[in-house]
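Residues per chain are reported as follows:
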Amino acid sequence: MVLAMVLAMPAWAQKEKNHDFVVAKNMDVFTSIYKNLDMMYVDTLDADEVIGNGINAMLRSLDPYTEYYPESEVKELKNMLTGKYAGIGSVVRYNYQLGYTVINEPYEGMPAQEAGLKKGDIILSINDSTMKGKEVSYVSDRLRGEPGTSFILKVKRPSTGKVMKVKLTRRTIQMPFLPYYGLLDGGIGYINFNSFTDQCAKDVRRAFIDLKKQGAKKLVFDLRNNGGGSVSEAVSIVNMFLPKDKVVLTMKGKLQRANNEYKTTVEPIDTLMPIVVLVSGNTASAAEILSGSLQDYDRAIILGTRTYGKGLVQATMDLPYNGQMKLTTSKYYIPSGRCVQALNYKHAKGGYVEHVPDSLTKVFYTAGGREVRDGGGVKPDVEVKPDSLPNIAYYLAGARDSNELMLNYEVDYIAKHPTIAPAKDFALTDADYEEFKARVLKADFKYDRETEKYLKDLMKLARFEGYYDDAKPEFDALAKKLSHNVAKDLDYNKQYIKRLLENDIVAAYYYQGGAIRNSLRYDKQVKEAVRLLNTPEEYKKLLRPSEKEGEKVHK
């Protein structure tokens, strides 16, 4: 009789029963292991650390977005979700030459800027506690705190040697999510938008309306390096350009409550203005929802490089003892039906990650019949790669052994120039660059050249395989041509290094917005976007399906 009942039990019920048993068994084993460790292990255990490590190891076997936040770290989670924290409003960085953290970029209108702190100011102490040799994270934690609390900051201004004490009161800081928007030549509006924080759609909407009042007839929407954030804010921004009742995305998860459909809910501002959306490999999550939805409805041309490929959605859950958990609950699908997730997180046999190969992606179609694919992020309609950072510029900008040559030059330049030209016009002269070059050469600056590394590896391989002796004259000649010549490298990469210096200097006078405006002069992706917007026939052609695509979708 019992056997008959088991046989009659549905397969799914049997499977669920087995699953519940395995879960209960492993929970008992885990609890028993820790009880034995706590009673008998030779040293006293820190329960928060040991069990916390166990929890984190479990979550690491899933995906990088599912995380546990104990009570002590819940504030960090809230900062991430809202884009807000309480502090002085400044980017800080470690100065390897001095062994101190320094002010790098105060935010406009925030306590650091209002107190007169400037780029390069050395943070000596906070409330008489020395900051010498302390890591950036240590200093940053002490600059932050509860809104309304005050402290004494002791700084030294390197250009004058003057030591100052300033009283700062922490405020709620909203990190600049919309650092710049403005009108470019030819009636082209430009919006730079870097994160989807709470209520951000209202500001993006205001910026767009303001640009239209200024005469904008076309738009460049810059989502490069936008890591995403709130899904609802992304939908609200999409709604600015699409009619009411259009599906923007669908969420699908294990539980019914994780399934959801988001539609545009209000009348749009503009459904006709030509738009180019700029994207990069760091455009992710909500930024991919925005760019992918506009692509799926043929509402904008996507330009740049393939996006990150995050098609997973997280929700936060309260845990006992005031902890919280950020948990991946579903995947999202944009209007064409595709999911842009680029990585599969496999949990069998210890867990591993695999990229979805292009050969396994599936074809979907935009509203107008253009072919798009799932997996691997949003592929741009027009691929334009940015300029790569020269190796010497990387070392000058922040490497440990750079002697802070770039920072020191910028601080001295700022001290000598109370004002500079407007952000969009500012440029260093050739004489300014020659002064910087002289400093670098005088400091006997060295850096690892990639060509020399590869040559050494090739010579080592040639010796191993027995070809080196015959090729030695050629290797010697090549080594001579590739010998370290900093002066030559500074001349060859002059334009790029100048741009980095100019951008940092402008930020000290005109903040993030000014730095962005200054960089637009030589941004080749922006230039291509402007060219497309000024070439209506080419723009329209890109939004039409090819004859082959049209035949497939209308079969």
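Since we're looking at a predicted model, the values are computed, not measured.

K.L.:
When you look at the nonpolar core in this model, what are you seeing that I'm missing?
P.N.:
Across soluble globular proteins, you tend to see nonpolar side chains buried next to one another. Within the largest apolar cluster, 42 residues are counted, with the highest numbers of intra-cluster contacts made by Phe193, Phe221 and Ile237. Secondary-structure elements contributing two or more residues to this core are helix H7 (200-214), strand S12 (218-222), helix H8 (231-238), strand S13 (247-253), strand S15 (275-279) and helix H9 (286-296). Here Phe193 is in contact with Phe177, Leu178, Cys200, Val204, Phe221, Asp222, Leu223, Asn226 and Ile237, once residues within four sequence places are set aside.

K.L.:
What should I look at first to understand the pairing of strand S8 (residues 162-169) in this one?
P.N.:
Look at any regular strand and the pattern is simple: side chains alternate between the two faces of the sheet. Two strands pair when backbone bridges link them, and strand S7 (residues 150-157) and S8 are joined in this way by 8 bridges, in the antiparallel orientation. In the sheet register, Lys154 faces S8, and the bridge partner there is Lys165. What sits between S7 and S8 in their antiparallel hairpin is a turn of 4 residues, with Gly161 showing a positive phi close to 80°.

K.L.:
Is there a simple way to explain the domain arrangement of the protein chain in this structure?
P.N.:
Bring the parts together and some accessible area is lost; that lost area is often taken as the interface size. Segmenting the protein chain into domains produces domain 1 (86-174), domain 2 (180-383) and domain 3 (391-533). A C-alpha centroid distance of 34 Å is found between domain 2 and domain 3. Of the residues lining the interface, 18 residues belong to domain 2; the matching set on domain 3 comes to 13 residues. In total, about 1,300 Å² of surface goes out of reach between domain 2 and domain 3, with carbon and sulfur atoms giving 75% of it.

K.L.:
Could you clarify how one ought to interpret the pattern of salt bridges in this entry?
P.N.:
Side-chain pairs of opposite charge can arise where the charged atoms are in close proximity. For the structure shown, the criterion picks out 25 salt bridges. In this structure, Arg338 and Asp296 form a salt bridge, with 2.7 Å as the shortest nitrogen-oxygen distance. Of the two residues, Arg338 is situated in the loop between strand S18 (324-333) and strand S19 (343-346) and Asp296 in helix H9; the sequence distance between them amounts to 42 residues. Salt bridges here are not isolated pairs; linked through shared partners, they connect Lys212, Asp270 and Arg299.

K.L.:
What is the right way to read helix H12 (residues 430-442) from this model?
P.N.:
Owing to its 3.6 residues per turn, the α-helix brings residues three or four apart onto one side. In this model H12 runs 18 Å from its N-terminal to its C-terminal C-alpha over 13 residues, within 8% of the 18 Å that 1.5 Å per residue would give. Taken together, the buried positions of H12 are occupied by Asp432, Tyr433, Phe436, Lys437 and Val440. For H12, the angular spread of the buried residues around the axis is 135°, confining them to a single face. For H12, exposure combined with an orientation more than 90 degrees from the buried face picks out Ala431 and Lys442. For H12, the secondary structure elements touched by its buried residues are helix H10 (391-398), helix H11 (405-416), helix H15 (486-492) and helix H16 (494-519).

What counts and what doesn't
Residues numbered from 1 in each chain as written. Predicted model: local features only at pLDDT ≥ 70, side-chain atom pairs only at ≥ 80, totals over all residues. Heavy atoms only, no water. Core = buried A, V, L, I, M, F, W, Y, C linked by side-chain atoms within 4.5 Å. Buried < 20%, exposed > 50% of the residue type's maximum accessible area, 1.4 Å probe, protein only. Helix = DSSP H or I, 4+ residues; strand = E, 2+ residues; numbered from the N terminus. Contact = heavy atoms within 4.5 Å. Pairing = 2+ DSSP bridges. Domains from an automatic or database assignment. Buried area = accessible area lost by both parts, 1.4 Å probe. Salt bridge = Lys/Arg side-chain N within 4 Å of Asp/Glu carboxyl O. Expected span 1.5 Å × (residues − 1). Arc of directions from axis to C-beta.

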